[in-house]
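# Structural overview
If you want the building blocks of each chain, they are given just below.
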Amino acid sequence: MAVTELPAHTTDGTESARVADPVTPSSPPSPADVGYEITARHGDKARAGVITTPHGQIATPAFIPVGTKATVKAVLPESMADLGAQALLANAYHMYLQPGHDLVDEAGGLGAFMNWPGPTYTDSGGFQVMSLGAGFKKVLSSEFAGGATARTASGEDDAVAEGKERLAHVDDDGVTFRSFINGDVHRFTPEISMQIQHGLGADIMFAFDELTTLMNSRGYQEKALERTRLWAIRCLAEHQRLTAERTHRPYQQLWGVIQGAQFEDLRRKAARDLGAMDVDGQVFDGFGIGGALEKENLGTIVGWVTDELPEDRPRHLLGISEVDDLFTAVAAGADTFDCVSPSRVARNSAVYTRTGRVNLTGARYRRQFAPIDETCDCYTCTHYTAAYVHHLFRAKEMLSSTLCTIHNERFVVRLVDEIRASLISGDFEALREQRTADYYGAPR
């Protein structure tokens with residue numbers, strides 16, 4: 001899977017992806033239309049590279065902002081391009097429920113529907129089905145990390161978060177769940193997930209998997225992993241069928257999702273199984289690293305997985321955006337990342353700065369007639385003061401969310417751009433020490 005065009009370089013030395021015109025193939029779309037190439041390495045696992053899609057190239061490592069319902073909340077797609085986003089990720093679960101993948105398909109696909117010309121991702125819907133179904137977050141507290149006292153043989157396998165009602169029920173064929181919007185009953189199977197994501201038309205989509213929590217017993221983790229493996233086979237088969245059928249659309253990459261929670265043998269097995277999986281010549285074009293994990297084990301778990309995965313295909317770590325996590329994940333061999341946190345916390349007045357996260361509703365910002373972060377080059381920091389944004393939050397003006405989301409998304413995108421440049425220049429460790437020391441008060 002060779003790359004024919006490398007990304008351009010910006011004035012600060014980082015790489016920017018070139019956005020190609022959408023492709024309408026005259027023959028059946030093929031994996032040969034896409035690719036991944038490693039352009040630089042650092043240490044044992046860290047690498048920079050380029051992912052090629054029909055709608056442009058993604059220079060990696062790259063942060064992929066989340067536009068859950070075909071929009072990054074409060075921000076225009078054009079603004080996301082201006083702040084340097086190379087691709088956007090939408091959620092298959094939410095888009096299926098509203099407005100429906102058939103409507104998006106009729107509109108020309110996700111990018112055309114939301115007026116975004118660059119590459120797009122969709123996740124399979126598995127995370128939302130399970131997390132909304134049981135009410136648990138992606139990362140659970142350390143009390144659920146392990147040990148006999150943390151779980152029983154079966155009790156926690158059916159647990160739900162306190163104050164929540166179980167909305168999803170899994171079986172070997174798929175998941176039955178209730179809509180969080182109106183309570184209607186729906187059914188996801190690997191085939192249905194593929195049909196939804198093909199209809200949405202993202203350049204990169206993910207296989208349907210079962211998300212477990214750190215509370216689940218070892219026995220249940222093993223059953224879920226085998227279920228996910230069998231679902232992955234079905235996803236590849238359905239993806240191949242739909243690709244051959246939908247010749248009016250360019251090739252969509254399908255990435256397998258590695259589960260296994262905190263167990264090394266399960267994570268490694270999942271990576272080996274999916275890395276070698278081949279259904280009538282159809283293989284996974286890349287891989288997602290998903291599931292519940294603890295922050296302190298992030299690098300170790302990603303390292304287990306990347307040890308086993310093929311070198312020539314990209315790896316996406318689902319759901320991270322914290323400064324130290326990004327450095328840790330890159331060092332362990334991850335290539336792209338997504339997270340809702342930058343936009344979510346922005347709507348609640350929390351912003352990232354070079355020296356840490358702050359809350360703009362604090363009294364000290366009332367008369368701060370300077371940018372939120374004087375080292376930031378985002379639209380917000382080059383046009384507005386912290387005092388003004390403080391006022392917007394106090395006055396409950398919608399513009400507050402827009403300005404802070406632009407700032408937070410640019411902060412993370414720019415940081416990952418710097419990480420990518422440091423891999424190429426050989427300065428990764430120095431950048432990691434400097435940025436984490438600035439942000440946390442000590443290097444991490």
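Remember, predicted model here, so these are calculated numbers, not experimental data.

As a further point, take the confidence of the model for the chain. For the chain, the average pLDDT comes to 88, and 84% of its residues sit at 70 or higher. Segment residues 1-26 is flagged for pLDDT under 50; beyond a separation of four residues in sequence, or across chains, it makes 68 contacts in the model. This stretch, residues 133-155, has a pLDDT under 50; its non-local contacts, to residues over four places away or in other chains, come to 57 contacts.

Judged by nonpolar contacts, the single largest core of 83 residues is most densely connected at Phe284, Leu317 and Phe337. With near-sequence residues (within four places) excluded, Leu317 lies in contact with Ile289, Leu298, Val302, Ala329, Ala334, Thr336, Phe337 and Asp338. Judged by nonpolar contacts, the second largest core, of 15 residues, contains Ala346, Val358, Leu392 and Cys404.

It is worth spelling out the packing of aromatic side chains at this point. The relation between two aromatic rings is expressed through the spacing of the ring centres and the mutual angle of the planes. One pass over the structure, following the stated rule, counts 15 aromatic pairs. A ring pair is formed by Phe188 and Phe208, whose centres lie 6.0 Å apart and whose planes are at 75°; its orientation type is edge-to-face. You can see Phe188 sitting in strand S11 (residues 185-188) and its partner Phe208 sitting in the loop between strand S12 (204-206) and helix H7 (218-245), a full 20 residues away along the chain. Here the aromatic residues Tyr93, Tyr96, Phe177, Phe188, Phe208 and Trp231 are joined through ring pairs into a cluster of three or more. Positioned above the aromatic ring of Phe263 is the side chain of Arg218, whose terminal nitrogen or guanidinium carbon lies 5.0 Å from the ring centre. Directly above the aromatic system of Tyr440 lies the positively charged group of Arg444, at a separation of 3.7 Å from the ring centroid.

Further remarks concern the sheet that holds strand S4 (residues 46-53). An order of S3-S4-S5 is seen for the three strands of this open sheet, with the pairing classed as antiparallel. The two strands at the open ends of the sheet, each matched to only one other strand, are strand S3 (35-42) and strand S5 (56-60). On average, each strand axis in the sheet is tilted by 15° relative to the strand beside it, whichever way the strands run. Two strands pair when backbone bridges link them, and S3 and S4 are joined in this way by seven bridges, in the antiparallel orientation. In the sheet register, His42 faces S4, and the bridge partner there is Ala46. Where helix H14 (residues 399-425) meets the sheet, it contacts S3, S4 and S5, and its direction lies at approximately 115° from that of S4.

Another aspect to go through is the packing of helix H6 (residues 190-200) against H7. Axes are the key here: two packed helices are described by the angle between their axes and the distance separating the axes. Where H6 meets H7, the axes come as close as 8 Å, and the angle between the chain directions of the two elements is 40°. Comparing the axis directions of H6 and H7 gives the class oblique. Helix-helix and strand crossings are classified by hand; for H6 and H7 the assignment is right-handed. Between H6 and H7, the contacting residues are Pro190, Glu191, Met194, Gln195 and His198 on the first element and Trp231, Arg234, Cys235, Glu238, His239, Arg241, Leu242 and Thr243 on the second. By residue class, the composition of the contact of H6 with H7 is five nonpolar, four polar and four charged.

Turning next to the pattern of salt bridges. Across all of its chains, the model carries 32 salt bridges by this definition. The partner of Asp173 in a salt bridge is Arg187, with the nearest N and O atoms 3.2 Å apart. Placement of the pair is Asp173 in the loop between strand S9 (168-170) and strand S10 (175-178) and Arg187 in strand S11, with a sequence separation of 14 residues. By relative accessible area, which is 38% here, Asp173 ends up partly exposed. A salt bridge links Glu308 to Arg268; the shortest N-O distance between them is 2.8 Å. On the criterion of sequence distance, the pair formed by Glu308 in helix H9 (residues 298-308) and Arg268 in helix H8 (residues 264-276) is long-range, its members being 40 residues apart. Residue Arg268 is classed as buried on the basis of its relative accessible area, which comes to 18%. Look at the salt bridges and you will find they share partners, linking Lys45, Glu264, Arg268, Arg272, Asp307 and Glu308 into a network.

All right, on to the sheet that holds S9 then. Strand order in the open sheet formed by three strands is S9-S10-S11, and the pairing between neighbours is antiparallel. Looking at strand neighbours, the two that pair on one side only are S9 and S11, the edges of this open sheet. This sheet shows a mean twist of 20° between the axes of neighbouring strands, independent of strand direction.

Let's shift gears to H9. Restricting attention to buried positions, one finds in H9 the residues Leu298, Ile301, Val302, Gly303, Trp304, Val305 and Thr306. Residues of H9 that are buried sit in contact with strand S13 (253-258), H8, strand S14 (286-289), strand S15 (315-318) and helix H10 (323-331).

For the rest of this paragraph, the subject is the packing of H14 against helix H15 (residues 428-440). One can describe the packing of H14 onto H15 by two numbers: an axis separation of 8 Å at closest approach and a directional angle of 150°. When the axis of H14 is compared with that of H15, the two are roughly antiparallel. Residue-level inspection shows Phe411, Leu415, Glu418, Ile419, Ser422 and Leu423 of H14 in contact with H15, the latter providing Phe428, Leu431, Arg435 and Tyr439.

Moving on to the environment of His248. By the element assignment, His248 lies in the loop between H7 and S13. The class of His248 is partly exposed, set by a relative accessible area of 41%. It is 8.4 Å that separates the C-alpha atoms of His248 and Pro29, two residues lying 219 residues apart in sequence.

About the cut-offs
- Counting of residues starts from 1 at the beginning of each chain's written sequence and follows it residue by residue.
- In view of the model being predicted, local features appear only for residues whose pLDDT reaches at least 70, and side-chain atom pairs are presented and counted only at 80 or more, with totals across whole chains, interfaces and linings using the full set of residues.
- With hydrogens and water stripped out, all remaining heavy atoms of the structure feed into the side-chain values.
- As a per-residue measure, pLDDT tells how confident the predictor is, with possible values from 0 to 100.
- Contact criterion: two residues are considered in contact whenever any of their non-hydrogen atoms come within 4.5 Å of each other.
- To define a nonpolar core, start from buried Ala, Val, Leu, Ile, Met, Phe, Trp, Tyr and Cys residues and group those joined through side-chain atoms within 4.5 Å.
- Think of it in three bands: with a 1.4 Å probe and only protein chains considered, a residue is buried below 20% of the maximum accessible area for its type, exposed above 50%, and partly exposed in between.
- Each Phe, Tyr or Trp ring (for Trp, its six-membered ring) is paired with any other whose centre lies within 6.5 Å, and the angle between the two planes then decides the class: stacked below 30 degrees, edge-to-face above 60, tilted in between.
- Starting at the N terminus, helices and strands are each numbered in turn, a helix being any DSSP run of H or I of at least four residues and a strand any DSSP run of E of at least two.
- Placement of a positive charge over a ring is assigned whenever Lys NZ or Arg CZ falls within 6 Å of the ring centre and within 35 degrees of the normal to the ring plane.
- For two strands to count as paired, DSSP must find a minimum of two bridges between them.
- For every element, the axis is a line fit to its C-alpha atoms; helices are fit only across the contacting stretch, and the angle between N-to-C directions ranges from 0 to 180 degrees.
- Angles are sorted into four bins: roughly parallel if under 35 degrees, roughly antiparallel if over 145, roughly perpendicular if 65 to 115, and oblique for all others.
- By definition, any crossing whose near helix is turned counterclockwise from its far helix by less than a right angle is left-handed, and any crossing with a clockwise turn is right-handed.
- Classes in brief: Ala, Val, Leu, Ile, Met, Phe, Trp, Tyr, Cys and Pro nonpolar; Asp, Glu, Lys and Arg charged; the others, Gly included, polar.
- Counted as salt bridges are all cases of a side-chain nitrogen of Lys or Arg within 4 Å of a carboxyl oxygen of Asp or Glu.

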